[in-house]
Amino acid sequence: MKRKPKKNTKAEDAYIRDLKRTSTFEKADRGEAQLLSPDEYPDPVKRFLARERRMLHIKLSAASKRKLDALSRATGTPMDQLARQWVEERLTREAG
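This text gives an overview of the structure that appears in the document. This one's a predicted model, so the numbers in the text were calculated from it and none came from an experiment.

**Overview of the overall build of the chain**
Counting secondary structure elements, the chain contains five helices and zero strands. Its helices and strands taken in sequence order, the chain reads α-α-α-α-α from the N to the C terminus. A compact globule built from 96 residues should have a C-alpha radius of gyration of about 12 Å, whereas the chain, at 20 Å, is more than 25% larger. For the C-alpha atoms alone, the extent of the chain along its principal axes is close to 50 × 30 × 30 Å. When the 96 residues of the chain are sorted by exposure, 6% land in the buried category. In the structure as shown, the chain presents an accessible area of about 9400 Å², 55% of it carried by carbon and sulfur atoms. Mean positive and mean negative side-chain charge positions of the chain (24 and 15 charges, respectively) differ by 8 Å.

**Quick notes on the pattern of salt bridges**
Enumeration according to the criterion identifies five salt bridges in this entry. With a closest N to O distance of 3.6 Å, E32 and R30 form a salt bridge. R73 is the salt-bridge partner of D69, the closest N and O atoms lying 3.1 Å from each other. In this pair, D69 and R73 are both assigned in helix α4 (residues 62-75), four residues apart and thus about one turn of the helix distant. The class of D69 is partly exposed, set by a relative accessible area of 27%. Each of the salt bridges in this network shares a partner with another, and the network as a whole consists of D18, K27, R30 and E32.

**Topic: α4**
For α4, built from 14 residues, the straight-helix expectation of 20 Å at 1.5 Å per residue is met to within 8% by its first-to-last C-alpha distance of 20 Å. Positioned one or two residues after α4, G76 has a phi angle of 80°, which is positive.

**With respect to the side chain of K27**
By the element assignment, K27 lies in helix α2 (residues 24-30). On the basis of relative accessible area, K27 is assigned to the buried category, the value being 10%. Residues within four places of K27 in sequence aside, it is in contact with D18, L19, T22, E32 and A33.

**As for the packing of α4 against helix α5 (residues 79-95)**
Between α4 and α5, the shortest axis-to-axis distance is 9 Å and the interhelical angle comes to 110°. Relative to α5, the element α4 is oriented roughly perpendicular. Between α4, through K65, L68, D69, L71, S72 and T75, and α5, the contact on the second element is made entirely by M79, L82 and A83. Residue composition of the contact of α4 with α5, by class: five nonpolar, two polar and two charged.

**Quick word on a nonpolar patch on the surface**
A surface patch of nonpolar side chains, about 270 Å² in accessible area, is lined by Y15, I16 and L19. Assignment of secondary structure puts Y15 in helix α1 (residues 10-21). The exposed category is assigned to Y15, whose relative accessible area is 53%.

**Structural notes on the environment of Q81**
Position of Q81 relative to the elements: it lies in helix α5. As for Q81 and I16, which are separated by 65 residues in sequence, their C-alpha atoms are 31 Å apart.

About the thresholds
- Residues numbered from 1 in each chain as written.
- Predicted model: local features only at pLDDT ≥ 70, side-chain atom pairs only at ≥ 80, totals over all residues.
- Heavy atoms only, no water.
- Helix = DSSP H or I, 4+ residues; strand = E, 2+ residues; numbered from the N terminus.
- Rg over C-alpha atoms; globule rule 2.2 N^0.38 Å.
- Buried < 20%, exposed > 50% of the residue type's maximum accessible area, 1.4 Å probe, protein only.
- Areas by Shrake-Rupley, 256 points an atom, 1.4 Å probe, with all protein chains shown as cover.
- Lys, Arg positive; Asp, Glu negative; His and termini not counted.
- Charge placed at Lys NZ, Arg CZ, Asp CG, Glu CD.
- Salt bridge = Lys/Arg side-chain N within 4 Å of Asp/Glu carboxyl O.
- Expected span 1.5 Å × (residues − 1).
- Contact = heavy atoms within 4.5 Å.
- Axes fitted to C-alpha atoms, helices over the stretch in contact; angles between N-to-C directions.
- Parallel < 35°, antiparallel > 145°, perpendicular 65-115°, else oblique.
- Nonpolar A, V, L, I, M, F, W, Y, C, P; charged D, E, K, R; others polar.
- Patch = residues over 30% accessible without salt bridge, like charges linked within 9 Å, V, L, I, M, F, W, Y side chains within 5 Å.

Keep in mind these values describe shape, not function.
Here is the structure:
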């Protein structure tokens, strides 16, 4: 069973609203933000980036997405699992 992500705190919501209003470059120009090297990233950002490196984002055409969605409903298997199976099968076929 998947766990629900934690709700944002009020401070996090305020930070997100501020980021949507003001670009990062504007903040850097005003001295409100600074550029960091990857070694200086905070631990939560490092963990997020590590998870993202293991992920593959696939962009499907609308027709392919509809077909995948229909297949998902017909088999009862989640779309992401079907896509993962397809990629793994394709890699196995290409490798051997």
